[in-house]
Amino acid sequence: MINNISKKLLTLVALVFVLTIQSFAQDGDAAAGETLFKNNCAQCHAADASVVVGPGLAGIEDRRDFAWIKKWVNNPAAVISSGDKYAVELYEKYNKTQMTAFPAYGEAEIKNILAYVKAANAAPVVAEGAPAAAPVQEASGGKFFNVVLVSLLVIMALVLVALLAVLKLLSTIAQGGSPESSVSGLESFKATLKGLASNKTIVTAVIWMFVLLGTKATLDGLYSIGVHQGYAPTQPINFSHKLHAGDMEINCAYCHTGVYKGKQSGIPSSSICMNCHNTIKRESPEIQKIYTAIEKNQPIEWVRVHNLPDLAYFNHSQHTNVAGLDCANCHGDIKNMEVVEQRHTLTMGWCIDCHRKTDVNAKGNAYYDALLTAHNSSSKEAMKVEDIGGLECAKCHY
Ligand code: HEC
Ligand code: HEC
Ligand code: HEC
Ligand code: HEC
Ligand code: HEC
Ligand code: HEC
């Protein structure tokens, strides 16, 4: 009987624990949302009200209800083609720019993103001229969450022990003994503790819990080694993409001449700058640096921002020309950067993730006709990059 009741108790405690975690997830975890947002939405959306490629997401929950937002993020094309008036107008307003679909996002992911958007807008304005939306403290947010989880676990364990002690006491009474005639409450509590400590299953479970938490912390640390997301080194010349590519709308390929043709985009040589700067702003000390480099016959020593390890193969033309992807998908909103910053992790997981969810742009490309026919005969889903071998090790590794 006792065993039965303690089993039920255990289940109850586990249930309460799971529910507590879920109630945390209910409102969305802004720190997790920030990572999702920066990796997947930030190239097209700002968290405040400013327009990037699409509208700023500030106040989105006032404009649309959650169900709509989820449907939209999972499959914007479907919402537009369903004739939804709001969606159609938005689509027209943004020059029929197709938003990327995120079919794999469940409620949790979207709630996390919305929580981040809300938090970013709630952040107080620090001072005049300072950015209005201070980024949510990702690291401390995650740590705080972990601390709460661990404390909850400890409290749960204590409650469990206390309950088991009471049970034992009750059962002694039920068996006819009086509480005094058996052991005192404190002793029974101690006995239960001892019982628990000698119960192999429980001891193993506790050990596993700590091993798993430890492993997670170690892995989190290891995964961030060699990841340079956010890297934005100071360059030898104060060159601004916002001015040249944004305000003046100079085509990216004017300077990055290889980007549609080859593996490498290439960094422009001084002579490309000279097409304009032999007449424009010659007197500026920054422009004088270009002259000095040319006179000394030395290249300008730009600091490389994006850099995959040698073991990986990446080809630009395959992505820009064949797949028709915009630079912003992988480099973020360069047109608004005074200093280039690496916006994505550039890890293997990042490449694979996109290959899993992006449709192959097979329209008007005879090369894909046979593949497409074969694919469509066996699957109702659109042909993704993974279906043409985009997950094969040898495609990306020498
Ligand atoms: C490639 C660019 C792109 C990416 C990436 C992108 N969006 Fe969008 N999004 C758009 C555009 C453009 C619109 C405006 C409607 C249109 O043209 O289809 C839009 C509209 C929206 C809207 C409706 C906004 C409003 O004011 O009603 C929401 C919500 C939204 N996006 C959420 C997201 C989320 C969340 C992500 C990341 C998981 C994301 N988007 C990623 C381009 C993008
Ligand atoms: C298509 C023409 C064009 C090309 C090519 C070009 N620039 Fe510029 N650049 C401009 C114009 C126009 C300005 C703005 C001048 C002004 O502020 O009046 C400018 C401004 C600058 C400034 C700011 C100067 C200052 O003191 O305000 C720097 C630095 C600069 N360019 C560097 C470069 C470099 C480096 C390259 C080559 C990689 C380059 N530019 C290529 C047109 C060009
Ligand atoms: C006027 C010439 C010019 C134009 C136009 C231009 N760039 Fe650049 N770009 C440069 C120069 C010079 C550098 C190296 C210095 C730096 O990182 O700012 C660079 C660096 C970069 C880098 C980082 C390279 C690295 O080291 O990893 C990226 C990414 C990039 N550009 C993308 C773009 C995109 C996208 C566009 C179009 C929206 C664009 N550029 C337009 C001149 C240009
Ligand atoms: C599918 C993702 C993706 C797209 C789309 C993309 N890039 Fe890149 N880009 C990368 C990666 C990854 C690297 C690092 C490559 C390496 O280290 O070998 C890179 C590196 C660069 C570099 C510096 C190194 C080099 O290759 O010379 C420049 C400049 C650059 N990209 C410009 C652009 C421009 C301009 C566009 C749009 C016309 C663009 N990229 C589109 C992923 C992308
Ligand atoms: C934004 C989405 C996106 C990202 C990020 C991305 N890719 Fe791709 N990739 C594509 C698409 C779309 C294609 C299909 C192009 C085509 O039609 O051949 C592709 C094709 C490829 C192919 C050829 C696959 C084949 O079977 O022919 C290779 C290799 C590749 N990508 C490597 C990479 C590497 C390495 C990275 C990360 C550094 C990366 N990609 C990141 C979208 C992406
Ligand atoms: C779409 C491209 C792509 C595919 C497919 C791919 N990789 Fe990778 N892989 C990468 C990139 C990019 C890196 C470098 C990432 C980094 O520096 O974090 C990498 C890194 C690695 C590393 C080094 C790990 C590290 O952290 O340094 C190993 C090992 C590896 N890949 C094995 C594999 C195996 C095995 C497969 C097949 C099952 C595979 N890869 C398929 C793109 C790919």
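Right, let's walk through the structure included here. (Residues numbered from 1 in each chain as written. Chains lettered and ligands numbered in written order. Predicted model: local features only at pLDDT ≥ 70, side-chain atom pairs only at ≥ 80, totals over all residues. Heavy atoms only, no water.)

## Quick word on the pattern of salt bridges
- Scanning the entire structure with this criterion turns up nine salt bridges.
- Across the salt bridge formed by Lys111 and Glu107, the nearest N and O atoms sit 3.6 Å from each other. With a gap of four residues between them, Lys111 and Glu107 both fall in helix H7 (residues 107-122), about one helical turn apart.
- The class of Lys111 is partly exposed, set by a relative accessible area of 22%.
- The class of Glu107 is partly exposed, set by a relative accessible area of 45%.
- Notably, a salt bridge pairs Glu286 with Lys289, separated by 3.3 Å at the nearest N-O pair. Within this pair, Glu286 and its partner Lys289 are both found in helix H14 (residues 285-295), separated by three residues, close to a single helical turn. (Salt bridge = Lys/Arg side-chain N within 4 Å of Asp/Glu carboxyl O. Helix = DSSP H or I, 4+ residues; strand = E, 2+ residues; numbered from the N terminus. Buried < 20%, exposed > 50% of the residue type's maximum accessible area, 1.4 Å probe, protein only.)

## Remarks on the site of ligand 3
- The immediate surroundings of ligand 3 are formed by 21 residues, with His241, Cys252, Cys255, His256 and His306 found nearest.
- Here an oxygen atom of ligand 3 sits 3.2 Å away from a polar atom, N or O, in the side chain of Gln235.
- A distance of 2.7 Å separates an oxygen atom of ligand 3 from a polar backbone atom of Val305.
- For the shell around ligand 3, a count of residues per class yields 13 nonpolar, six polar and two charged. (Near = heavy atom within 4 Å. Polar contact = N/O pair within 3.5 Å; in protein donor to acceptor, adjacent residues only side chain to side chain. Nonpolar A, V, L, I, M, F, W, Y, C, P; charged D, E, K, R; others polar.)

## Observations regarding the coordination of the iron atom of ligand 5
- Protein coordination of the iron atom of ligand 5 is provided by His319 (NE2) and His355 (NE2), with donor distances spanning 2.0 Å.
- The site at the iron atom of ligand 5 holds six donor atoms, and with the angles between them running 88 to 179 degrees, its shape is octahedral. Of this pair, His319 sits in helix H15 (residues 316-322) while His355 sits in helix H17 (residues 348-357); the two residues are 36 residues apart in sequence, bridging distant segments of the chain. (Donors = N, O, S within 2.8 Å, 3.2 Å for Na, K, Ca; no water. Tetrahedral: all angles 85-135°; square planar, octahedral: opposite > 155°, others 65-115°.)

## Describing the coordination of the iron atom of ligand 1
- At 1.9 to 2.1 Å from the iron atom of ligand 1 lie its protein donor atoms, namely His45 (NE2) and Met99 (SD).
- Taken together, the six donor atoms coordinating the iron atom of ligand 1 and their angles of 86 to 178 degrees define a geometry best described as octahedral. Of this pair, His45 sits in the loop between helix H2 (30-40) and helix H3 (60-63) while Met99 is found in the loop between helix H6 (85-93) and H7, placing the two residues 54 residues apart along the sequence.
- By relative accessible area, His45 is classed as buried at 12%.
- On the accessibility criterion, Met99 (23% relative accessible area) is partly exposed.

## Digging into the packing of H2 against H7
- Where H2 contacts H7, the axes come no closer than 7 Å and their chain directions differ by 95 degrees. With respect to H7, the axis of H2 lies roughly perpendicular. On the side of H2, the interface is formed by Ala30, Ala32, Gly33, Glu34, Leu36, Phe37 and Lys38, while H7 contributes Glu109, Asn112, Ile113, Ala115, Tyr116, Val117 and Ala119.
- Counted by class, the contact of H2 with H7 contains nine nonpolar, two polar and three charged residues. (Axes fitted to C-alpha atoms, helices over the stretch in contact; angles between N-to-C directions. Parallel < 35°, antiparallel > 145°, perpendicular 65-115°, else oblique. Contact = heavy atoms within 4.5 Å.)

## Points about the site of ligand 4
- Close contacts around ligand 4 come from 21 residues, with Leu308, His316, Cys327, Cys330 and His331 the closest.
- Contact distances for ligand 4 include 3.1 Å between an oxygen atom and a backbone N or O atom of Ser265.
- Gly266 places a polar main-chain atom, nitrogen or oxygen, 2.8 Å from an oxygen atom of ligand 4.
- With three residues, the top contributor of residues to the shell around ligand 4 is H15.
- Classifying every residue of the shell around ligand 4 gives nine nonpolar, ten polar and two charged.

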